[in-house]
Amino acid sequence: MLKTDKGKEYILQNIASGVYPIGHMIESEPVLSEKLKISRMTIREAIRDLVEENILEKQHGRGTFVLKQPKFKGFQCGIGFSEEM
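Residues numbered from 1 in each chain as written. Predicted model: local features only at pLDDT ≥ 70, side-chain atom pairs only at ≥ 80, totals over all residues. Heavy atoms only, no water.

### Quick notes on the pairing of strand 1 (residues 56-59)
With four bridges connecting them, strand 1 and strand 2 (residues 63-66) associate as antiparallel partners. Note on strand 2: the bridge partner recorded for Gln-59 is Gly-63. Hairpin connection from strand 1 to strand 2: three residues lie between these consecutive antiparallel strands, with Gly-61 at a positive phi of about 80°. (Pairing = 2+ DSSP bridges. Helix = DSSP H or I, 4+ residues; strand = E, 2+ residues; numbered from the N terminus.)

Okay, structure coming up:
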(Lines give C-alpha, C1' and ligand atoms only; values in the text may rest on other atoms or scores of the structure.)
Protein backbone atom coordinates (compact mmCIF):
# COMPACT_ATOMS: atom_id res chain seq x y z
CA MET A 1 0.00 0.00 0.00
CA LEU A 2 1.36 3.41 -0.94
CA LYS A 3 1.60 6.01 1.80
CA THR A 4 -0.74 8.27 -0.18
CA ASP A 5 -3.27 5.42 -0.18
CA LYS A 6 -2.91 5.16 3.61
CA GLY A 7 -3.86 8.83 3.95
CA LYS A 8 -6.76 8.56 1.52
CA GLU A 9 -8.05 5.38 3.17
CA TYR A 10 -7.93 6.99 6.62
CA ILE A 11 -9.87 10.04 5.45
CA LEU A 12 -12.44 7.96 3.51
CA GLN A 13 -12.98 5.65 6.50
CA ASN A 14 -13.55 8.66 8.75
CA ILE A 15 -16.07 10.08 6.29
CA ALA A 16 -17.89 6.74 6.01
CA SER A 17 -18.00 6.26 9.79
CA GLY A 18 -19.24 9.80 10.46
CA VAL A 19 -16.08 11.06 12.18
CA TYR A 20 -15.91 13.65 9.38
CA PRO A 21 -19.56 14.51 8.66
CA ILE A 22 -20.57 16.08 5.36
CA GLY A 23 -19.86 19.80 5.39
CA HIS A 24 -17.43 19.64 8.29
CA MET A 25 -13.72 20.33 8.32
CA ILE A 26 -11.21 17.48 8.48
CA GLU A 27 -8.07 17.64 10.60
CA SER A 28 -5.17 19.76 9.38
CA GLU A 29 -2.29 18.38 7.34
CA PRO A 30 0.18 18.55 10.27
CA VAL A 31 -2.25 16.71 12.58
CA LEU A 32 -2.95 13.99 10.00
CA SER A 33 0.75 13.68 9.23
CA GLU A 34 1.60 13.15 12.90
CA LYS A 35 -1.34 10.81 13.52
CA LEU A 36 -0.57 8.57 10.53
CA LYS A 37 3.24 8.84 10.82
CA ILE A 38 3.62 9.90 7.19
CA SER A 39 5.03 13.10 5.71
CA ARG A 40 2.95 16.23 5.33
CA MET A 41 3.65 16.17 1.60
CA THR A 42 2.12 12.68 1.39
CA ILE A 43 -0.99 13.87 3.26
CA ARG A 44 -1.17 16.87 0.95
CA GLU A 45 -1.13 14.53 -2.08
CA ALA A 46 -3.88 12.36 -0.58
CA ILE A 47 -6.03 15.42 0.08
CA ARG A 48 -5.35 16.75 -3.43
CA ASP A 49 -6.50 13.41 -4.89
CA LEU A 50 -9.70 13.51 -2.82
CA VAL A 51 -10.33 17.12 -3.91
CA GLU A 52 -9.96 16.03 -7.56
CA GLU A 53 -12.44 13.20 -6.87
CA ASN A 54 -14.93 15.79 -5.46
CA ILE A 55 -14.92 14.21 -2.01
CA LEU A 56 -13.15 17.10 -0.26
CA GLU A 57 -13.04 20.85 -0.87
CA LYS A 58 -10.18 23.13 0.14
CA GLN A 59 -11.17 26.64 1.23
CA HIS A 60 -8.25 29.04 1.32
CA GLY A 61 -7.61 30.29 4.83
CA ARG A 62 -10.30 28.08 6.34
CA GLY A 63 -9.41 24.41 5.87
CA THR A 64 -10.49 21.28 4.03
CA PHE A 65 -14.13 20.24 4.14
CA VAL A 66 -16.14 17.12 3.27
CA LEU A 67 -18.37 17.73 0.26
CA LYS A 68 -21.94 16.52 0.07
CA GLN A 69 -21.86 13.32 -1.95
CA PRO A 70 -24.41 12.74 -4.72
CA LYS A 71 -26.76 9.80 -4.13
CA PHE A 72 -25.52 8.08 -7.27
CA LYS A 73 -21.89 8.02 -6.05
CA GLY A 74 -20.74 4.45 -6.21
CA PHE A 75 -23.49 3.47 -8.67
CA GLN A 76 -22.37 0.62 -10.86
CA CYS A 77 -23.64 0.68 -14.40
CA GLY A 78 -25.24 -2.58 -15.50
CA ILE A 79 -26.34 -3.70 -12.04
CA GLY A 80 -30.06 -3.74 -11.30
CA PHE A 81 -31.57 -1.66 -8.52
CA SER A 82 -32.44 -4.66 -6.34
CA GLU A 83 -28.89 -6.02 -6.65
CA GLU A 84 -27.51 -2.58 -5.82
CA MET A 85 -29.58 -2.41 -2.63
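### Digging into the pattern of salt bridges
Applying the stated criterion to the full structure yields eight salt bridges. A salt bridge links Glu-29 to Arg-40, with the shortest nitrogen-to-oxygen separation between them at 3.2 Å. With Glu-29 in helix 2 (residues 29-36) and Arg-40 in helix 3 (residues 40-52), this pair connects stretches of sequence that are eleven residues apart. A residue is classified by how much of its surface remains accessible, and Glu-29, at 11% relative accessible area, is buried. Given the relative accessible area of 42%, Arg-40 is considered partly exposed. The shortest N-O distance in the salt bridge between Glu-52 and Arg-48 comes to 3.8 Å. One end of the pair is Glu-52 and the other is Arg-48, both in helix 3 and four residues apart, which spans about a single turn. Judged by relative accessible area, which is 56%, Glu-52 ranks as exposed. Because the salt bridges share partners, they merge into one network encompassing Glu-29, Arg-40, Arg-44 and Lys-58. (Salt bridge = Lys/Arg side-chain N within 4 Å of Asp/Glu carboxyl O. Buried < 20%, exposed > 50% of the residue type's maximum accessible area, 1.4 Å probe, protein only.)

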